[in-house]
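Given next are the chains, with one letter for each unit.
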Amino acid sequence: MRISDIMARKQTFSFEIFPPRGELPVSQAMDIAGQMVQDSPDWISVTFSAGGSGNSGNTTHIAAHIQNETDTNALAHLTCLGSSKKDVDAYVSQLREGGVQNVLALRGDRAPGRVARDFSYANELVSYLKNADPSLCIGAACYPEGHVEAASLAADIECLKAKQDAGADFLVTQLFFDNELFYRFREECVRARIKIPIAVGIMPFTSTKQIQRMAFTCGASIPAAVIKRLIAAGDDPADQAKAGVEYACEQLRDLAANGVDGLHIYSMNKPQVAHATHDALVECGYLSA
Ligand code: FAD
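Cut-off values and rules
- Residues numbered from 1 in each chain as written.
- Predicted model: local features only at pLDDT ≥ 70, side-chain atom pairs only at ≥ 80, totals over all residues.
- Heavy atoms only, no water.
- Near = heavy atom within 4 Å.
- Polar contact = N/O pair within 3.5 Å; in protein donor to acceptor, adjacent residues only side chain to side chain.
- Areas by Shrake-Rupley, 256 points an atom, 1.4 Å probe, with all protein chains shown as cover.
- Helix = DSSP H or I, 4+ residues; strand = E, 2+ residues; numbered from the N terminus.
- Nonpolar A, V, L, I, M, F, W, Y, C, P; charged D, E, K, R; others polar.
- Salt bridge = Lys/Arg side-chain N within 4 Å of Asp/Glu carboxyl O.
- Buried < 20%, exposed > 50% of the residue type's maximum accessible area, 1.4 Å probe, protein only.

Asker: Where do I start with the site of the ligand in this structure?
Answerer: Taken together, 26 residues lie near the ligand, and Phe-48, Asp-109, Tyr-143, Asp-156 and Lys-163 sit nearest. A distance of 2.8 Å is found between an oxygen atom of the ligand and a backbone nitrogen or oxygen belonging to Ala-122. Protein contact buries 87% of the 970 Å² of open area that the ligand shows by itself. Elements that contribute at least two residues to the shell around the ligand include exactly β3 (73–79), β4 (102–106), α5 (122–132), α6 (153–166) and β6 (170–173). The element best represented in the shell around the ligand is α6, accounting for 3 residues. Taken together, the residues that form the shell around the ligand break down as 12 nonpolar, 9 polar and 5 charged.

The following block contains the structure:
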């Protein structure tokens, strides 16, 4: 089913997984997805070589498994920097063969030696995909604090409007830890006439080290409330991870109460973390038990 059709009729709840790195078997991702579907997400997204992991080869394979074997909608990510139109055509064929209708069209991060071939920005990929297969439902990324390369939030929102105009059907946000920044961004989107639904991406942090890395790679600001919790958790990895899940659940409850279009959990291949967010959303009435 098209994600935009689901979002048109309800507030959604979804998870993200990433294909295993290195030599790990693909079956590991299938197992993780199998556990996550127990919480009845509206869809599960599968990343494409995120963080330069080079594990893009299995994205469509895992997405097709989710779509066909678990009766859950799959969203396959695709980045375009360094890719040719021929590469994208091959990917679209794989999606079609696997019965996957939803794709998240991304540029991908800049990296040494990764030069633009047929695509420089995500809006070009959105437009190309729309023409290649009009039946695809196309998502795009958005950044409540502005993308790290953007001169300003306003400039980034103009580029976001270009993705909507190119045919994007829905948006998924970058992670953030301060909901007020999202509410401000949502108002700016309304002003910019961005009308497609926005699924809010929330990541339960797992450690002090990890949140510091995220802050640097995606420019997410870390509010004092998070720092205080991490100080209280001390050096114990289990306490740090517990603080991350508790903080994310509080964020999610607040977002649910503020009428978001969808909640997407960056669950980092951890079904127990995904499950904790599910339970928090049942408790506050966003999801039914
Ligand atoms: P774009 O929309 O192209 O924007 C990139 C930058 O260029 C921005 O600063 C924007 O303001 C500017 N810009 C956009 N269009 C134009 C234009 N026409 N002219 C001039 N400037 C422009 N990465 C992965 O490798 N794999 C993944 O699976 C993955 N999944 C992600 C999922 C989500 C929900 C998000 C938010 C990010 C994900 N990323 C992933 C990271 C993403 O690839 C990076 O954030 C990347 O740097 C930007 O991708 P984009 O699609 O937003 O790019």
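So much for the structure itself; the text now carries on.
Asker: Would you explain the pattern of salt bridges in this entry?
Answerer: Any two side chains of opposite charge can pair, on the condition that their charged atoms come close. This model, assessed by the stated rule, comprises 12 salt bridges. Asp-165 is the partner of Lys-161 in a salt bridge, and the nearest nitrogen-oxygen pair spans 3.2 Å. Here Asp-165 and Lys-161 lie together in helix α6, a separation of 4 residues that amounts to about one turn. Taking relative accessible area as the criterion, Lys-161 reaches 18% and is therefore assigned buried. Owing to a relative accessible area of 53%, Asp-165 belongs among the exposed residues under this scheme. A salt bridge links Glu-246 to Lys-242; its shortest N-O distance comes to 3.4 Å. Taken together, the positions of Glu-246 and Lys-242, both in helix α10 (residues 237–257) and 4 residues apart, correspond to about one turn of that helix. Judged by its relative accessible area of 39%, Glu-246 falls in the partly exposed class. Connected through shared salt-bridge partners, Arg-2, Lys-130 and Asp-169 make up one network.

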